[in-house]
Amino acid sequence: MLATAESCTGGMIAAACTDLAGSSAWFERGFVTYSNQAKIDSLGVDPALIARHGAVSDVVARAMAFGAVRHSRAQVGVAVTGVAGPSGGSADKPVGMVCFGFQVDGRLANETRNFQGERAAVRAATVQHALARLVELVAATPADHF
């Protein structure tokens, strides 16, 4: 079962999953945690991590993925947090920067990508990358471990 934790995509990953017929067999729930407080309250992200690294960071993305699994009945979690734009970017965290967190079979992974384009393009690229990478990670894990 899969749980999503989304910030910059606002539920688009969960929507893409549930657009598929039969997704109730593998999609457990989605968390839209747009605000920092929502990340803390709904996913159990440590506020010190957000204060130290910012909401858009690998460490927070990993904590979000972990929290999605911990606060659901899922065994797999995907999380995204980023700067979709058009404002909100900085030299360190430009518009288009998105941090991804994954938890598969108890293992955490993360990565950061920088996407080009306007807000809609950044969000669409984020959904596409999150799902493609998740499929790769799940495929690399023996099914009997789930």
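Model, not experiment: these values are computed from the prediction. (Residues numbered from 1 in each chain as written. Predicted model: local features only at pLDDT ≥ 70, side-chain atom pairs only at ≥ 80, totals over all residues. Heavy atoms only, no water.)

What follows is about a nonpolar patch on the surface. Taken together, the side chains of Met1, Leu20 and Trp26 present a nonpolar region at the surface, about 270 Å² in accessible area. Of note, methionine 1 is situated in the segment before β1 (2–6). (Patch = residues over 30% accessible without salt bridge, like charges linked within 9 Å, V, L, I, M, F, W, Y side chains within 5 Å. Areas by Shrake-Rupley, 256 points an atom, 1.4 Å probe, with all protein chains shown as cover. Salt bridge = Lys/Arg side-chain N within 4 Å of Asp/Glu carboxyl O. Helix = DSSP H or I, 4+ residues; strand = E, 2+ residues; numbered from the N terminus.)

It is worth spelling out the pairing of strand β2 (residues 27–32) at this point. In the sheet, β1 pairs with β2 via 5 bridges, with the strands oriented parallel. By the bridge assignment for β2, glutamate 6 is matched with valine 32. What joins β1 to β2 is helix α1 (residues 12–18), and the crossover it makes is right-handed. (Pairing = 2+ DSSP bridges. Right-handed = clockwise from strand over helix to strand, strands pointing away.)

The next subject is the pattern of salt bridges. Applying the stated rule across the entire model yields 4 salt bridges. In this structure, the salt-bridge partner of glutamate 28 is arginine 29, at a minimum N-O distance of 2.5 Å. With a relative accessible area of 21%, glutamate 28 lands in the partly exposed category. Here glutamate 111 ties to arginine 133 by a salt bridge, and the two come within 2.9 Å at their closest N and O atoms. Taken together, the residues glutamate 111 in strand β5 (residues 107–114) and arginine 133 in helix α5 (residues 119–139) connect sequence positions 22 residues apart. (Buried < 20%, exposed > 50% of the residue type's maximum accessible area, 1.4 Å probe, protein only.)

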